[in-house]
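Architecture at a glance
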Amino acid sequence: MDKTQCLIIGTGPAGLSAAIYTARAGMDTLALGCEPKVAGDYDIDNYFGFPETITGKELIDRGLRQAQRFGAKIECERVLDIHHGDGDGFVVKTIRREIKAKAVVIAAGVARIRPGIDNLADYEGKGASYCVSCDGFFFRNKKVIALGEGNYAANQALALTNFTSDIAIYTQGKASAINGDFTAQLEEASIPIINQKIVSLKGENGLEAAVLENGETIPVDGLFVAMGEASALDFAKSLGVTTKGAFIEADYEQKTNIPGVFAAGDCVGRFLQISVAVGEGAKAGRAAISHVKKGMKKGE
Ligand code: FAD
């Protein structure tokens, strides 16, 4: 398993800013994420120090080169899952590998794709969930669905095999974007990929059935939403980090309630601007440095 001291999820303004601080402090730093949305030909007019405006692409490119100059490793790699490791630290799973980290900065922006199910909110906590590692246990030997079209849904469906064998993936009518490796693993686990859209849910005391766009009603006990790619909120929920609505709760130093987990930028949901993301990233980096140093003093 690969190892790093600071793992940063996200390579937008918050993640890159955190990486500049942790790498410059001599911490082994790995930042995972792909081009953030702002890295296009958008003019950024309100960021300090650029009187003639700068494009989002150029700003991100500069931040990336700056973080790399101090030794940060930056990879375009999607994080699928994160959980607590044995003892101290965390284990981050990507499509390619697993990485052990002493500190984690969540800087993954806000990206949750809503599945478009009318009454989904009515069933949250009553059969509908966003987190297999939190809620999978409640669906032992039950009929469950992982909802999503990509590798994230595939990973969630495979994680559900720890609890039940009656699992299907529904893509919400989207073409499957699950890669060959995951497709083979799903086949081996007898998990079908069904290209249908669920439009509403049914059940008196919790989830009992899902209604498809074609009018058919199918029985289901648990629905695990995993659309698109795993989001900051999904990572928070897997780790037991406190959230409020769509955002992660972090204190003034960007610490979450879980020691060693920090959050910065849009995923914290304060003022969704680059300047704020950069500032919070710096604070999260500083807090991660002191967490790792404390562990080193204790000999961890
Ligand atoms: P983001 O920039 O959203 O970066 C999130 C990062 O997380 C990305 O690298 C993404 O790939 C990564 N990520 C997400 N999920 C995963 C996963 N599962 N695995 C690995 N990586 C993952 N703000 C201003 O101040 N001024 C402006 O003029 C301005 N214009 C904007 C124009 C546009 C078109 C947009 C979309 C936003 C604009 N904003 C502007 C807002 C600004 O872009 C955000 O506030 C800022 O980018 C937040 O930074 P962040 O690092 O928190 O998140």
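Residues numbered from 1 in each chain as written. Predicted model: local features only at pLDDT ≥ 70, side-chain atom pairs only at ≥ 80, totals over all residues. Heavy atoms only, no water.

Overview of the overall build of the protein
Rule in force here: Put simply, DSSP H or I for four residues or longer makes a helix, DSSP E for two residues or longer makes a strand, and each gets a number counted from the N terminus. A radius of gyration in this sense is built from C-alpha atoms; the matching globule rule multiplies 2.2 Å by the number of residues raised to 0.38. Here the term buried applies to any residue with accessible area under 20% of the maximum for its type, exposed to any over 50%, and partly exposed to those in between, with areas from a 1.4 Å probe on protein chains only. Contacts are assigned to residue pairs that have any heavy atoms within 4.5 Å of one another.
Helix and strand counts for the protein come out as eight helices and 19 strands. Over its C-alpha atoms the protein spans a radius of gyration of 20 Å, differing by no more than 12% from the 19 Å that the globule rule assigns to 300 residues. Each principal axis of the C-alpha distribution contributes one length, and for the protein these read about 55 × 50 × 35 Å. Counting over 300 residues, the protein shows a buried share of 50%. Summarising the internal contacts of the protein: among those between residues at least 6 apart in sequence, 60% fall at separations of at least 24.

Notes on the sheet that holds strand S13 (residues 198–202)
The criterion, for reference: Pairs of strands are assigned from DSSP output, requiring at least two bridges between the strands. A fitted line through C-alpha atoms serves as each axis, taken over the contacting stretch for helices, and the angle formed by two N-to-C directions is quoted from 0 to 180°.
Strand order in the open sheet formed by three strands is S13-S14-S15, with antiparallel pairing between adjacent strands. Two strands bound the open sheet, and with one partner strand each, they are S13 and strand S15 (217–219). The mean angle between the axes of side-by-side strands here comes to 30°, regardless of whether they run parallel or antiparallel. Bridge count for strand S14 (residues 209–212) against S15 is three bridges, and the pairing is antiparallel. Within the sheet, the bridge partner assigned to Ala 210 lies in S15 and is Ile 218.

Things to note about the site of the ligand
Worth spelling out the cut-off: Whether a residue is near a molecule or strand depends on its heavy atoms: it is near if one of them lies within 4 Å of it. A 3.5 Å cut-off defines polar contacts: any pair of N or O atoms within that distance qualifies, except that in protein one atom must be a possible hydrogen donor and the other a possible acceptor, and neighbouring residues in sequence count only when both atoms are side-chain atoms. Using a grid of 1 Å spacing that covers the protein atoms alone, one calls a set of points a cavity when a 1.4 Å probe fits there but cannot get out, and a pocket when the set is open and has protein on both sides within 12 Å along at least five of seven lines; lining residues are those with an atom within 4 Å of a point. To decide whether a molecule occupies a pocket or cavity, check its atoms: if more than half lie within 2 Å of the grid points, it is inside. Gly is put with the polar residues, along with every residue not named as nonpolar or charged; the nonpolar set is Ala, Val, Leu, Ile, Met, Phe, Trp, Tyr, Cys and Pro, and the charged set is Asp, Glu, Lys and Arg.
By nearness alone, 29 residues border the ligand, and Cys 34, Val 79, Ala 230, Asp 266 and Ile 274 come closest of all. In the environment of the ligand, an oxygen atom lies 3.3 Å from a nitrogen or oxygen atom belonging to the backbone of Pro 13. Interatomic distance of 2.9 Å between a side-chain N/O atom of Asn 46 and a nitrogen atom of the ligand. Applying the majority rule of atoms within 2 Å of the grid points places the ligand in the largest pocket. Across the shell around the ligand, the residue classes break down as 17 nonpolar, eight polar and four charged.

Considering the sheet that holds strand S10 (residues 143–147)
Strand order in the open sheet formed by five strands is S9-S16-S10-S11-S12, with parallel pairing between adjacent strands. Each edge of the open sheet is held by one strand with a lone partner, namely strand S9 (128–129) and strand S12 (193–194). Both S9 and strand S16 (residues 222–225) contribute to a ladder of two bridges, which runs parallel. Across the sheet, Ala 128 pairs through a bridge with Leu 223, a residue of S16. In the packing of helix H5 (residues 151–160) onto the sheet, contacts are made with S10, strand S11 (166–170) and S16, and the angle to S11 comes to roughly 175°.

With respect to the nonpolar core
We apply this condition: The nonpolar core is taken to be a set of buried Ala, Val, Leu, Ile, Met, Phe, Trp, Tyr and Cys residues, with the residues joined through side-chain atoms within 4.5 Å.
Among the nonpolar cores identified, the biggest contains 44 residues, and Leu 7, Ile 82, Ile 106, Leu 186 and Ile 248 are the most heavily contacted of them. Per-element accounting of this core gives the leading share, six residues, to H5. Among residues more than four places away in sequence, those in contact with Leu 186 are Ala 154, Ala 157, Leu 158, Ile 169, Ile 178, Ile 191 and Ile 193. Counting residues in hydrophobic clusters, the runner-up holds 26 residues, among them Met 27, Ala 31, Ala 103 and Ala 287.

Concerning the pairing of S16
Side chains Gly 222 and Phe 224 project from S16 onto one buried face, and the interleaved Leu 223 and Val 225 project onto a second face that is buried too. Bridge count between S10 and S16: four bridges; the pairing is parallel. Considered in S16, the bridge of Val 144 is made with Gly 222.

A word on the side chain of Gln 156
By the element assignment, Gln 156 lies in helix H5. Apart from residues no more than four positions distant in its own chain, Gln 156 is found in contact with Tyr 130, Cys 131, Val 132 and Ala 226.

As for the pattern of salt bridges
Rules: Whenever a carboxyl oxygen of Asp or Glu lies within 4 Å of a side-chain nitrogen of Lys or Arg, that contact is scored as a salt bridge.
Summed over the entire model, instances satisfying the criterion amount to 10 salt bridges. The salt bridge partner of Asp 2 is Arg 97, with a shortest N-O separation of 2.7 Å. Separated by 95 residues along the polypeptide, Asp 2 in strand S1 (residues 2–9) and Arg 97 in the loop between strand S7 (90–94) and strand S8 (98–106) bring together distant segments of the chain. As a salt-bridge pair, Arg 62 and Glu 58 come within 3.1 Å of each other at their nearest N and O atoms. Highlighted residues: Arg 62 and Glu 58, both in helix H2 (residues 56–69), separated by four residues, approximately one helical turn. Through salt bridges with shared partners, one network takes in Asp 2, Glu 77, Arg 96 and Arg 97.

Here we look at the packing of H5 against helix H6 (residues 180–188)
For the record, the criterion: Roughly parallel covers angles under 35 degrees, roughly antiparallel covers those over 145, roughly perpendicular covers 65 to 115, and oblique covers all other angles. Should the near helix be turned anticlockwise from the far one by less than a right angle, the crossing is termed left-handed; should it be turned clockwise, right-handed.
At their nearest, the axes of H5 and H6 sit 10 Å apart, and the two run at 30° to each other. With respect to H6, the axis of H5 lies roughly parallel. Crossing hand, H5 versus H6: left-handed. Where H5 approaches H6, its residues Asn 151, Ala 154, Asn 155, Ala 157 and Leu 158 are matched on the opposing element by Phe 182, Gln 185 and Leu 186.

What about the packing of aromatic side chains?
Definition in use: Any two rings among Phe, Tyr and Trp, with Trp reduced to its six-membered ring, count as a pair given centres within 6.5 Å; such a pair is stacked if its planes are under 30 degrees apart, edge-to-face if over 60, and tilted if neither. A ring has a charge above it when a Lys NZ or an Arg CZ is no more than 6 Å from the ring centre and no more than 35 degrees off the ring normal.
Following the criterion strictly, the structure yields three aromatic pairs and no others. Ring centres of Tyr 47 and Phe 50 lie 6.2 Å apart, and the angle between their planes is 20°; this geometry places the pair in the stacked category. Judged by relative accessible area, which is 19%, Tyr 47 ranks as buried. Ring geometry for Phe 137 against Phe 138: centres 6.1 Å apart, planes inclined by 80°, an arrangement best described as edge-to-face. Its relative accessible area of 45% is what places Phe 137 among the partly exposed residues. Against the face of Phe 137 rests Arg 140, its NZ or CZ located 3.9 Å from the ring centre.

In short, shape yes, function no, at least from these values alone.
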